[in-house]
Amino acid sequence: MMNLPDKFESFNEARRTGFIKAKELKESGKKMVGVFCTYTPVEIPMAAGAVTVGVCGVSEEPIPEAEKVLPRNLCPLIKSSYGHAITDTCPYFYFSDMLIGETTCDGKKKMYEELGKVKPTHVMHLPNMQRGEYTYKLWKEEMKILKEETEKALGVTISEEDIKEAIKDKNEERRLLKEYYELAKLKPSALTGMELHQVLYQSGFKFDRNELKAELRKLIDSMKQRYEEGNCPVDKDKPRILITGSPIGGISEKIIKTIEDSGASIVAYELCGAIRNNDLLVDEENEDVYDALTQKYISIGCSCMMHNDNRVEMLDRLVDEYQVDGVIDVVLQACHTFNVESYRIKEFMNNKKNIPYMAIETDYSKSDTEQLRTRFEAFIEMIEDGVCVK
Ligand code: BJ8
């Protein structure tokens, strides 16, 4: 019998439900592995029979507690994640048997050192560049180390056959998610930006794999039918926006709702949890499962990488495929890598794609909502007037 946290009764209903769900899962004998980043080859813990769950904090509530250990001028995602871990307020942290991190940004790396004191945390050594044979070999070796560490932490043996099965399973999910988010390529989009975001985000918290895939199939079919019947939720003249930058799980209402209320249609998220991690599949034909995983996971275009050409290439393609009218770059406060890279993205959008671009910097508080609304409204108005914002 697993214990719930002492303060369980003080949680709201949604959180209590999350705890009960996670507890039941653990009591059924399942292991739970918490992950932070799109670079995590989740197929490895999946091959161990574990459920994987994203444990990046999306609420400002535990930040004051985190700030007793971490500096205030740190990314809210890092503070929120750590805060949840030390306050027993996140069911997935609480019931995780193991956490997997990577050496991505400096803030996360140093936070993992503290986190390791609370929970068994394995940190993968992710290279800072994607080019060269040495980099590839390093990341491939890290896949093998992760397999060994997962076996030790969960007390299981993982065969290559298990990994192959997990690769197929995860690819099927990615294909379905892709089919879903590609409905936004239609003009007008078949989905609102919120519908797009919610399904991508919430799919990470559905632990029955078959149920998840069946639900996605049903949803895609119903959205297609809605569109064919002419019940499109988006006005055809609305400017089409692509969102790029830091993860927005903690600010989805503030960003998505405010942009769409301001008169635009969000058609694509070049973000983690959306297109950035689902676009490329793992090669199921490759006999060497570690090569297959390395090829996929070394190619992710995150600003933590030096010379992050993969992000620019993806943006280049998405702007055309989704017929984007404007790009909004969302940077979480103190996220230096995305903040510095903004300049490159702005130059690319303005000079190569001739697309209006704006960058905003924000945190998990709601205090800047109205200020952002004013900026979004002005940006959308300029797109409608055909002015290229530089
Ligand atoms: S692959 S985006 S999930 S590192 S924590 S970098 S916001 S300062 S989350 Fe990320 Fe992996 Fe990249 Fe994706 Fe900035 Fe905050 Fe760091 Fe962050």
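In case you missed it, the structure is sitting above this.
The numbering scheme is per chain: residues are counted from 1 as the chain's sequence reads. Selection of residues for local features in this predicted model requires a pLDDT of at least 70, selection of side-chain atom pairs for listing and counting requires 80 or more, and totals for whole chains, interfaces and linings are taken over all residues. Only hydrogens and water are set aside when side-chain values are computed; all heavy atoms of the structure are taken into account.

**Q** An account of the sheet that holds strand β1 (residues 32-35) is needed here, citing residue identities and associated values.
**A** At least two bridges found by DSSP between two strands are what make those strands a pair. Labels follow the DSSP assignment, with helices taken as runs of H or I lasting at least four residues and strands as runs of E lasting at least two, numbered in each case from the N terminus. Judged by pairing direction, the sheet is parallel, and its 4 strands sit side by side in the order β2-β1-β3-β4 without closing on themselves. Only two strands of the sheet have a single neighbouring strand rather than two, namely β2 (51-54) and β4 (121-124). Ignoring strand direction, the axes of neighbouring strands in this sheet form an average angle of 25°. As defined by bridge partners, strand β3 (residues 98-102) adjoins β4 across 4 bridges and the pair is classed as parallel. Counterpart to Glu102 in the pairing with β4 is Met124. Here, two residues are considered to be in contact whenever any of their heavy atoms come within 4.5 Å of each other. Here, axes are lines fitted to C-alpha atoms. For helices the fit covers the stretch in contact, and angles between N-to-C directions go from 0 to 180 degrees. In the packing of helix α7 (residues 133-154) onto the sheet, contacts are made with β1, β3 and β4, and the angle to β4 comes to roughly 170°.

**Q** Tell me about a negative patch on the surface, and name the residues and values.
**A** On the surface, Glu377, Glu381, Glu384 and Asp385 cluster together into a patch of negative charge. Position of Glu381 among the secondary structure elements: in helix α16 (residues 369-384). The exposure class of Glu381 is partly exposed, given its relative accessible area of 48%. Only residues whose relative accessible area exceeds 30% and that form no salt bridge are eligible for patches; like-charged ones are grouped when within 9 Å, while nonpolar side chains (Val, Leu, Ile, Met, Phe, Trp, Tyr) are grouped when within 5 Å. Here the open area of atoms and residues is found with the Shrake-Rupley method and a 1.4 Å probe, where only the protein chains shown may cover a residue. Any carboxyl oxygen of Asp or Glu that lies within 4 Å of a side-chain nitrogen of Lys or Arg is treated as forming a salt bridge with it. Positive charge is attributed to Lys and Arg, negative charge to Asp and Glu, and no charge count is given to His or to the chain ends. By convention, the charge on Lys lies at NZ, on Arg at CZ, on Asp at CG and on Glu at CD. Only protein chains enter the accessibility calculation, which uses a 1.4 Å probe; a residue is then buried when its area is under 20% of its type maximum, exposed when over 50%, and partly exposed in between.

**Q** Give me the lowdown on the packing of helix α8 (residues 160-181) against helix α13 (residues 289-298), citing residues and values where you can.
**A** Pairs of packed helices are described in terms of their axes, by the angle between the two and the distance that separates them. Direction vectors running N to C along α8 and α13 enclose 35°, while the axes themselves pass 10 Å from each other. The element α8 and its partner α13 pack so that their crossing is left-handed. Along its contact with α8, which presents Glu160, Ile163, Lys164, Ile167 and Arg174, the element α13 presents Val289, Tyr290, Leu293, Lys296 and Tyr297. Of the residues that constitute the contact of α8 with α13, the class distribution is 6 nonpolar, no polar and 4 charged. Should the near helix be turned counterclockwise from the far one by less than a right angle, the crossing is left-handed, whereas a clockwise turn marks it as right-handed. Under this grouping Gly is polar, as are all residues other than the nonpolar Ala, Val, Leu, Ile, Met, Phe, Trp, Tyr, Cys and Pro and the charged Asp, Glu, Lys and Arg.

**Q** Summarise the packing of α8 against helix α9 (residues 193-202); cite the residues concerned and give the values.
**A** Where α8 contacts α9, the two axes come as close as 10 Å, and the packing angle between them is 170°. Classified by the angle their axes make, α8 and α9 are roughly antiparallel. Note on element contacts: α9 touches α8 through Glu195, Leu196, Val199 and Leu200, opposite Leu177, Tyr180 and Tyr181. Of the residues assigned to the contact of α8 with α9, the class counts are 6 nonpolar, no polar and 1 charged. Roughly parallel means an angle under 35 degrees; roughly antiparallel, over 145; roughly perpendicular, 65 to 115; everything else is oblique.

**Q** Describe the pairing of β1, and please don't skip the residues or the numbers.
**A** A regular strand places its side chains so that they alternate between the two faces of the sheet. Both faces of β1 are covered, namely the face carrying Met32 and Gly34 and the face carrying Val33 and Val35. Of the strand pairs in this sheet, β1 and β2 are connected by 4 bridges, and their pairing is parallel. Residue Val33 lies in a different strand from β2, and its bridge partner there is Thr52. Sheet topology note: the β1/β3 ladder contains 3 bridges and is parallel.

**Q** Residue-level account of the sheet that holds strand β6 (residues 265-270), with values.
**A** Across the sheet, 4 strands lie side by side as β6-β5-β7-β8; this open sheet has parallel pairing. With partners counted over all chains shown, the strands left at the sheet margins are β6 and β8 (357-362), one partner each. The mean angle between the axes of side-by-side strands here comes to 25°, regardless of whether they run parallel or antiparallel. Where strand β7 (residues 326-332) and β8 come together, 6 bridges link them in parallel fashion. Bridge assignment links Leu332 to a residue of β8, and that residue is Thr362. Relative to the sheet, helix α14 (residues 309-321) contacts β5 (240-245), β6 and β7, its axis offset from that of β5 by approximately 170°.

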